[in-house]
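Architecture and fold: a report
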Amino acid sequence: MSDLRLYHPDADSPSGDEPRILKFETCVQQIRKPFEFDVLSRASLIYKNKFCRHCGAPAVAPVENEDILLSRNGLPIPGSGTLIGFRCDSCERQWPV
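The structure contained in this document is the topic of the report that follows. (Residues numbered from 1 in each chain as written. Predicted model: local features only at pLDDT ≥ 70, side-chain atom pairs only at ≥ 80, totals over all residues. Heavy atoms only, no water.)

1. Re the overall build of the chain
Check the secondary structure of the chain and you find two helices and three strands. Listing each helix as α and each strand as β along the chain from the N terminus yields α-α-β-β-β. Of all 97 residues assigned to the chain, the portion counted as buried reaches 16%. Long-range pairs, those at least 24 residues apart, make up 45% of the contacts in the chain with a sequence separation of at least 6. Counting every atom, the chain has about 8500 Å² of accessible surface; 55% of that belongs to carbon and sulfur. (Helix = DSSP H or I, 4+ residues; strand = E, 2+ residues; numbered from the N terminus. Buried < 20%, exposed > 50% of the residue type's maximum accessible area, 1.4 Å probe, protein only. Contact = heavy atoms within 4.5 Å. Areas by Shrake-Rupley, 256 points an atom, 1.4 Å probe, with all protein chains shown as cover.)

2. Describing the side chain of Arg-42
Mapped onto the elements, Arg-42 comes out in helix H2 (residues 39-48). Reaching out from Arg-42, the side chain makes a polar contact with the backbone oxygen of Gly-81 at a distance of 2.8 Å. Excluding residues that lie within four positions of it along the chain, Arg-42 makes contacts with Glu-64, Gly-79, Gly-81, Thr-82 and Leu-83. (Polar contact = N/O pair within 3.5 Å; in protein donor to acceptor, adjacent residues only side chain to side chain.)

3. Re the pairing of strand S2 (residues 83-88)
In terms of strand pairing, strand S1 (residues 60-64) meets S2 through five bridges, oriented antiparallel. Note that in S2 the partner of Glu-64 across the bridge is Leu-83. As judged from the three bridges shared by S2 and strand S3 (residues 94-96), these two strands associate in the antiparallel manner. Considered in S3, the bridge of Gly-85 is made with Pro-96. Where S2 hands over to S3, the hairpin turn is made up of five residues, of which Glu-92 adopts a positive phi near 65°. (Pairing = 2+ DSSP bridges.)

4. Considering the pattern of salt bridges
Summed over all chains, the structure comprises two salt bridges. One salt bridge connects Arg-42 with Glu-64, and the closest N-O pair in it is separated by 2.3 Å. Placement of Arg-42 in helix H2 and of Glu-64 in strand S1 is noted, with a sequence separation of 22 residues between them. With its nearest N and O atoms 3.7 Å apart, the salt bridge here joins Arg-87 to Asp-89. Given the relative accessible area of 29%, Arg-87 is considered partly exposed. (Salt bridge = Lys/Arg side-chain N within 4 Å of Asp/Glu carboxyl O.)

5. Remarks on the sheet that holds S1
Strand order in this open sheet of three strands is S1-S2-S3, and the pairing throughout is antiparallel. One side of each edge strand has no neighbouring strand; the edge strands of this open sheet are S1 and S3. With direction set aside, neighbouring strand axes in the sheet form an average angle of 30°. Relative to the sheet, H2 contacts S1 and S2, its axis offset from that of S2 by approximately 20°. (Axes fitted to C-alpha atoms, helices over the stretch in contact; angles between N-to-C directions.)

6. Re the environment of Val-97
Following the sequence through the fold, Val-97 ends up in the segment after S3. Val-97 sits 13 residues away from Ile-84 along the chain, and the two C-alpha atoms are 5.6 Å apart.

Structure representation (structure tokens):
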């Protein structure tokens, strides 16, 4: 029977074949990092661009990059993609952020 060794303070430095001990704080930061985005600046940009710059129509939709986060069900999470510009649904023109 073999034992599973999670932590041994007297062990020498780990070699390439040995498993590494990961700190919990480091792993949590890697998991939470994709979810961090500035909601206030995004909302401000959407508010400032709610009318078309060319025709003045209020039918403007934000254009997001394809890095949208997906939920457990595989559906896109609204507002999680990188905002790259806006598109007018009336005159079909686009402009960058």
